[in-house]
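Observations on chain architecture
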Amino acid sequence: MTEFDSSMSEQDFRSLVYFTSFSKHAWVPGMLVIGMAFSLTVIFTYLLHVWVPSKLLVFSAFSYALIVIFLFVSTEIKVARAISERSVPIDIPYHITANSCSMTCTILESGRQKNYPWETIGQIYETHEHFIIYLSSRNAFIFNKNV
């Protein structure tokens, strides 16, 4: 049995959202890099007059670059809104107990307790700084490795 106390900071929440949006599926970062490499190549060759791409190709490159920028900005806006509206449990201490059958989370302030059998847990990921346990596609626990 393993027991520890934890809480989710704003930075932990931001890491969780960015991981879910951009890193959880291995193809997303690859597509972003390939698309941006294509876009930057077309844009620079157009601006430096190395080669004259068609107007449609230039438009596509600029559009892709704007979409990627918008994707990051909109993600950051969602994070900021969730934090400001306090719709996520930021800095609320909780106690985790994990055994061979389940994981139990107890919110220390209220004493509320919730049990999660391992069969109900969708996925578990390990990043450089965190462990992420997904209960569903929209509900997850994030634990800092330094706890």
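What comes next concerns the included structure. Note that this is a predicted model, so its numbers are computed, not measured. (Residues numbered from 1 in each chain as written. Predicted model: local features only at pLDDT ≥ 70, side-chain atom pairs only at ≥ 80, totals over all residues. Heavy atoms only, no water.)

Time to look at the nonpolar core. Core analysis: the largest hydrophobic core is formed by 13 residues, its most contacted members being Met 8, Phe 13, Val 88, Ile 90 and Ile 132. Elements with a contribution of two residues or more to this core: α1 (10-23), α3 (55-84) and β6 (130-134). A total of four residues in this core trace back to one element, the largest contributor, which is α1. The next biggest cluster of nonpolar side chains, apart from the first, holds ten residues, and it includes Met 103, Cys 105, Leu 135 and Phe 141. (Core = buried A, V, L, I, M, F, W, Y, C linked by side-chain atoms within 4.5 Å. Buried < 20%, exposed > 50% of the residue type's maximum accessible area, 1.4 Å probe, protein only. Helix = DSSP H or I, 4+ residues; strand = E, 2+ residues; numbered from the N terminus.)

Our focus in this paragraph is the sheet that holds strand β5 (residues 123-126). Within a sheet, neighbouring strands are paired by backbone hydrogen bonds and run either parallel or antiparallel to one another. What the three strands build is an open sheet, ordered β5-β6-β7; its pairing is antiparallel. The strands lining the two open edges of the sheet, one partner per strand, are β5 and β7 (140-144). Mean inter-strand twist for the sheet, computed between neighbouring axes without regard to direction, equals 10 degrees. Bridge analysis of β6 against β7 gives five bridges, and the strand direction is antiparallel. Residue pairing for β7: Ile 133 is matched across the bridge by Phe 141. Set on the sheet, α1 makes contact with β5, β6 and β7; between it and β6 the angle comes to about 60 degrees. (Pairing = 2+ DSSP bridges. Axes fitted to C-alpha atoms, helices over the stretch in contact; angles between N-to-C directions. Contact = heavy atoms within 4.5 Å.)

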